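So the chains spell out like this:
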Amino acid sequence: MRMVFGRYMPYNSIIHKMDPRIKLLMIISLIVAVFFSIGFAGFVLAGSAVLIMYAASKLSFKMLFKLFVPITFIFVMLILINMIMLKPNADMLKEWTVNDLGNGAWWYEDLAGDSPFGYVFHWKFIWLSEKALYRAIYMTLRIFFMISLTTILTGTTQPLELTLAIEDLLWPLKLIGIPVYIFSTIISIALRMIPTLIDEAGRIMKAQSSRGIDFKNGKLKDKIKSMTSLIIPLLVSAFQKAEDLAYAMDSRGYDPHAKRTRYRQVKFRILDWIIFLIYMAIAVTLFCYPYIDALNSIQIPRIDQILGL
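Cut-offs and rules
Residues numbered from 1 in each chain as written. Predicted model: local features only at pLDDT ≥ 70, side-chain atom pairs only at ≥ 80, totals over all residues. Heavy atoms only, no water. Helix = DSSP H or I, 4+ residues; strand = E, 2+ residues; numbered from the N terminus. Buried < 20%, exposed > 50% of the residue type's maximum accessible area, 1.4 Å probe, protein only. Areas by Shrake-Rupley, 256 points an atom, 1.4 Å probe, with all protein chains shown as cover. Core = buried A, V, L, I, M, F, W, Y, C linked by side-chain atoms within 4.5 Å. Contact = heavy atoms within 4.5 Å. Phe/Tyr/Trp six-rings, centres within 6.5 Å; stacked < 30°, edge-to-face > 60°. Salt bridge = Lys/Arg side-chain N within 4 Å of Asp/Glu carboxyl O. UniProt positions renumbered as here; feature names shortened; annotations may be inferred. Expected span 1.5 Å × (residues − 1). Arc of directions from axis to C-beta.

Participant: Quick one: what's the story with the overall build of the chain, residue by residue and with numbers?
Facilitator: Counting its secondary structure elements, the chain contains 11 helices and 4 strands. Within the chain, buried positions represent 38% of all 309 residues. Counting every atom, the chain has about 18,400 Å² of accessible surface; 68% of that belongs to carbon and sulfur.

Structure (structure tokens):
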């Protein structure tokens with residue numbers, strides 16, 4: 001199955017039938033909420049909400065699992081960066097128990113249990129600590145939830161409905177002269193082009209592979225060179241598709257500044273408001289997670305302490 005991100009999937013679900021305006025507002029609120037200091041316990045609540053919404057939208061869970069491939073790469077890059085950048089100072093090291101593992105490797109253990117780094121493994125310029133690991137997992141979960149929620153939005157909302165939703169939500173900007181319709185059309189077209197460019201990248205890779213270019217094997221330097229044969233044709237194709245779209249819209253008399261009416265009208269339903277209020281309550285709970293003492297009982301003390309939450 002092809003990638004869902006950016007592609008509308010025509011299923012008959014309650015998420016598909018929701019008013020696009022409150023659906024967009026609901027998903028944006030959840031995306032913003034997961035970027036607050038909600039801790040790992042907060043991610044359990046957010047993850048449960050995302051999984052329920054994903055199941056209600058009837059999208060394939062296989063595509064959700066396929067997202068783990070790029071997410072794993074992001075996690076590896078984040079932990080490598082943290083291993084190099086995050087390291088305790090000399091004063092902290094003096095207070096810890098040191099174990100020599102040989103070959104220049106050291107294991108640091110804080111007997112007091114109040115270390116901001118947790119257990120630390122040191123070898124040459126690498127500092128692998130609990131803080132580095134938890135930070136990498138924390139940021140990876142944020143990115144995963146953001147991509148999953150965006151997949152639900154684009155997979156259950158037609159491009160035209162998404163354009164109307166963005167235009168309605170941004171209507172206050174019209175008061176200061178910002179062309180909201182043009183802005184919403186640009187966003188809608190950009191989201192629509194994502195699956196098209198992904199398919200185009202797949203076709204280019206197959207064509208280049210048939211010409212003897214190997215994208216999978218070889219050294220890192222060879223892979224970087226082989227990616228050039230993918231990126232350049234993809235950029236050329238993207239500009240060509242953008243030009244073709246501009247010509248097609250111009251030939252049909254499209255005028256972005258013209259006054260227009262709507263053929264398709266969207267209306268709120270009672271079920272839409274119920275779903276919206278439930279998920280907004282979850283988003284508000286995540287917003288207030290660091291500030292409500294009653295929520296401390298669902299925190300993970302050691303991990304949240306190391307992360308400084």
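Participant: Which residues make up the nonpolar core, and what values go with them?
Facilitator: In this structure, Met26, Ile27, Met53 and Tyr279 are the most contacted members of the largest nonpolar core, which totals 43 residues. Elements with a minimum of two residues in this core: α1 (20-34), α2 (39-56), α3 (61-66), α6 (130-156), α7 (159-169) and α10 (270-288). Excluding anything up to four places from it in sequence, isoleucine 27 contacts Met53, Leu149, Ile152 and Leu153.

Participant: A description of the side chain of threonine 140 should follow, citing residues and the corresponding values.
Facilitator: Residue position: threonine 140 is located in helix α6. In contact with threonine 140, not counting residues within four places along its chain, are Ile71, Phe75 and Leu78.

Participant: Summarise the packing of aromatic side chains; cite the residues concerned and give the values.
Facilitator: One pass over the structure, following the stated rule, counts 8 aromatic pairs. Seen from their ring centres, phenylalanine 36 and phenylalanine 287 are 4.9 Å apart, and the 65° between their planes marks the pair as edge-to-face. Here the residue phenylalanine 36 occupies a position in the loop between α1 and α2, and phenylalanine 287 occupies one in helix α10, the gap between them amounting to 251 residues. For phenylalanine 36, a relative accessible area of 32% puts it in the partly exposed group. We classify phenylalanine 287 as partly exposed; its relative accessible area is 23%. Note on phenylalanine 144 and phenylalanine 145: the rings are 6.1 Å apart at their centroids and 50° apart in plane angle, and the pair reads as tilted. Each member of the pair, phenylalanine 144 as well as phenylalanine 145, carries the same accessibility label: buried. One aromatic cluster is present, formed by Phe43, Phe65, Phe68, Tyr138, Phe144 and Phe145 through successive ring pairs.

Participant: Now, about the pattern of salt bridges: what can you tell me, with residues and values included?
Facilitator: Applying the stated criterion across every chain, the model contains 4 salt bridges. As a salt-bridge pair, glutamate 200 and arginine 203 come within 2.8 Å of each other at their nearest N and O atoms. On the criterion of helical spacing, the pair formed by glutamate 200 and arginine 203 is a turn pair, its members being 3 residues apart in helix α8 (residues 180-210). Three or more residues joined by partner-sharing salt bridges are found here, namely Asp19, Arg21 and Asp168.

Participant: An account of α7 is needed here, citing residue identities and associated values.
Facilitator: Counting buried positions along α7 yields 8 of 11 residues, so the element is predominantly enclosed. For α7, the full list of buried residues reads Glu161, Leu162, Thr163, Leu164, Ala165, Ile166, Glu167 and Asp168.

Participant: Outline the UniProt feature "transmembrane region" (unreviewed entry) in the chain, supporting the account with residue identities and numerical values.
Facilitator: The positions UniProt marks with the feature "transmembrane region" (unreviewed entry) are residues 24-55, 67-86, 132-155, 175-198 and 270-292. Secondary structure content for residues 24-55 is 88% helix and 0% strand, while the C-alpha to C-alpha distance between its ends is 18 Å. Secondary structure content for residues 67-86 is 90% helix and 0% strand, and the end C-alpha separation is 28 Å.

Participant: Break down helix α4 (residues 68-85) for me, citing the residues and quoting the values.
Facilitator: For α4, built from 18 residues, the straight-helix expectation of 26 Å at 1.5 Å per residue is met to within 8% by its first-to-last C-alpha distance of 25 Å. Those residues of α4 that fall on the buried side of the exposure criterion are Ile71, Ile79, Asn82 and Met83. Viewed along the axis of α4, the buried residues span an arc of 110°, placing them on a single side of the element. Residues Val69, Phe73 and Met85 are exposed on α4 and point more than 90 degrees away from its buried face. On its buried face, α4 sits against β4 (126-129) and α6.

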